[in-house]
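The primary structure of each chain is shown beneath.
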Amino acid sequence: MAGIGTQGGKAGSHAPRIVIIGAGIAGILMGIKLRQRGWDDFTILEKADSLGGTWRENQYPGAACDVPAHLYVYSFAPNHAWRTRYAKAPEIWQYYHDQAERNGVLPHIEYGREVATCTFDGARWTVTTRDGETYRADVVVTGVGRLHQPNVADIAGAETFAGPRFHSSQWDHTLDLKGKRLGIIGGGSSGVQIVSALADEVAKLTLFLRTPQWVFPLPDAPIPLGKRLKYRFVPGALEAQYRKLEAEIDERAGRGPIDPEVRVVTAQLCKAGLATVRDPELRAKLTPDYEVGCKRLVISGTFYDAVQKPSVDVVTEGIDHIEERGVVTKDGALHECDALVFATGFKAHAFLRPMQLVGEGGVTLDDVWSEIPLNYRTVGIPHMPNFFMLNGPYSPGGSASVVGIIEVQTGYVLKLLDRIAEEQVMLSPREDAAREWLDGVRELARTTVWATGGCNSWYLDQTGTPAYNPISITELKTSMAEPIRDDFEARSRETVAA
Ligand code: NAP
């Protein structure tokens, strides 16, 4: 057994022992914040052999973040070194690695530890990993991400394909695609970035597009040297840029889902981008039949150029099956490919699962989440004392910066940890408080373009309700500024110990 729980952290006499699950942006942030307050008694369990979450896994050609780089950072660690408006996956990975290193988080991470179960015994959690290691903790915090389990489309005959085939987040970097015929299934943000990156490299690229998406044609651009120097040397310039971008994105991504006026402007720009596709037949294939913003906007200034290259073929006929030589569409045509990429997205509603949780009185996560992922303000789960999530179900969504969202949630969890440490209690959200909060979120979510825009998307849960909270970062900050004391059940640790 590793990391036997202690009553106190090293620096604070009452600091709880904490297990953090996941060493992505959220887990690293929680580690940094704990270290900043001198709470060193924590372990970060990471299933992979490296940190970085999304940015470790998504290293496909063209992988980049479509949130401006100067915003896609921890607010307390702005980065003057970005060279382009949008950062590429390896640079982002490096930034978060550097943050973990600079802030002393690396020694706290244990790699190759995929958590299988978390069991509450009335006083503490026992966290068990798939390789059989166990950890005891007063508090568990998860930062496991929302788009981390590949959704590899189940297409008949896929296993008979003769060439390499893989999901976009499991890219085979040993493969030389020069001169090859590449098939890409899926035209969401990942598929679009791959098409843009490889259209010139491969001999033939076939994009199998079941549903066209609205593409916001925002070009990437280098950051001029003058600006970079300003960000580096003028005090406050970088922070001001962060705040400016935060306000801009908040207006578009925060209000867009509920405010049609915001979407009118976005739609005009998307349509102008689409109009640059000269061939009317191709343009028709790329034209969505639902409202702008219904599916998450794809942001790309290069996609429409890429799909017009002679090497690229867009196939909107449905896929019937896959065979040894390639993909056969419903019209019987065989599209020969040497390699196949499934840019088919992620299991967006898995959240913590397949991890198993057993909370107070033997109540399991499957019990609490039998209908929908019931939770309180995205961070707490009824009947799971001292167990908190970052970027949990019903976090805000859209094209907002997930880093900013996670920072707000981390701040909130830290306030709960303060109470846990000061009062020596175990906290879990009251079930009625969770239901009331979630009912409000879902009611609002049903009014959004995500629900009413006439599309199907990974935002929607099995009831057709978006599992996202359509509020801005500004509203999130206000609503999570201070935990409502009475919304939590607090049980004294001493009572339990006695
Ligand atoms: P996605 O948006 O879920 O897109 C999956 C694509 O695969 C869709 O075109 C979907 O078609 C298609 N597909 C799924 N199953 C299929 C099947 N059986 N047959 C044919 N087509 C199938 O996934 P993603 O592109 O990986 O993006 C997921 C999310 O990750 C994005 O929405 C975004 O939030 C995030 N992301 C962000 C960035 C960034 O720059 N920040 C980059 C990449 C990803 P249908 O639409 O018909 O279902």
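Everything numeric here is computed off the predicted structure, so don't read it as measured data.

Cut-offs used in this document
- Residues numbered from 1 in each chain as written.
- Predicted model: local features only at pLDDT ≥ 70, side-chain atom pairs only at ≥ 80, totals over all residues.
- Heavy atoms only, no water.
- Near = heavy atom within 4 Å.
- Polar contact = N/O pair within 3.5 Å; in protein donor to acceptor, adjacent residues only side chain to side chain.
- Helix = DSSP H or I, 4+ residues; strand = E, 2+ residues; numbered from the N terminus.
- Nonpolar A, V, L, I, M, F, W, Y, C, P; charged D, E, K, R; others polar.
- Buried < 20%, exposed > 50% of the residue type's maximum accessible area, 1.4 Å probe, protein only.
- Pairing = 2+ DSSP bridges.
- Disulfide = S-S within 2.5 Å.
- Phe/Tyr/Trp six-rings, centres within 6.5 Å; stacked < 30°, edge-to-face > 60°.
- Lys NZ or Arg CZ within 6 Å of the ring centre and 35° of its normal.

**Observations regarding the site of the ligand**
Then comes step 1: In the region of the ligand, 22 residues are neighbours, and Ser-190, Arg-210, Thr-211, Lys-295 and Arg-296 sit closest.
Then comes step 2: Gly-187 is positioned with one of its backbone polar atoms (N or O) 3.0 Å from an oxygen atom of the ligand.
Then comes step 3: Ser-190 has a polar side-chain atom sitting 2.7 Å from an oxygen atom of the ligand.
Then comes step 4: With 3 residues, helix H4 (residues 189-198) is the largest single contributor of residues to the shell around the ligand.
Then comes step 5: Split into classes, the residues belonging to the shell around the ligand amount to 9 nonpolar, 9 polar and 4 charged.

**Here's the deal with the pairing of strand S20 (residues 425-429)**
Then comes step 1: The buried fraction of S20 amounts to 5 of the 5 residues, a majority that puts the element mostly inside the structure.
Then comes step 2: Of the two faces of S20, both are covered, the one formed by Val-425, Leu-427 and Pro-429 as well as the one formed by Met-426 and Ser-428.
Then comes step 3: Two elements, S20 and strand S21 (residues 488-492), share 5 bridges in a ladder whose sense is antiparallel. When the bridges of S21 are listed, Ser-428 appears paired with Glu-489.

**Describing the state of the cysteines**
Then comes step 1: Within the structure shown, the criterion is met by 1 disulfide.
Then comes step 2: Covalent S-S linkage joins Cys-294 and Cys-455, the inter-sulfur distance amounting to 2.1 Å. Disulfide Cys-294 to Cys-455: torsion about the S-S bond roughly -90°, handedness left-handed. Separated by 161 residues along the polypeptide, Cys-294 in the loop between helix H8 (280-285) and strand S12 (298-299) and Cys-455 in the loop between helix H13 (449-452) and helix H14 (473-479) bring together distant segments of the chain.
Then comes step 3: For Cys-294, a relative accessible area of 0% translates into the label buried.

**Notes on the packing of aromatic side chains**
Then comes step 1: Tallied over the full model, the rule gives 18 aromatic pairs.
Then comes step 2: Here the aromatic rings of Tyr-74 and Tyr-96 are separated by 5.0 Å at their centres, their planes lie at 85°, and the arrangement is edge-to-face. In this pair, Tyr-74 sits in the loop between helix H2 (54-57) and helix H3 (89-102) while Tyr-96 sits in helix H3, placing the two residues 22 residues apart along the sequence.
Then comes step 3: A relative accessible area of 0% means that Tyr-74 is categorised as buried.
Then comes step 4: Classification of Tyr-96 by relative accessible area gives buried; the value is 2%.
Then comes step 5: The residue whose ring lies beneath Arg-37 is Trp-39, and the NZ or CZ to ring-centre distance is 5.0 Å.
Then comes step 6: Sitting above the plane of the Tyr-468 ring, Arg-146 keeps its charged end 3.8 Å from the centroid.

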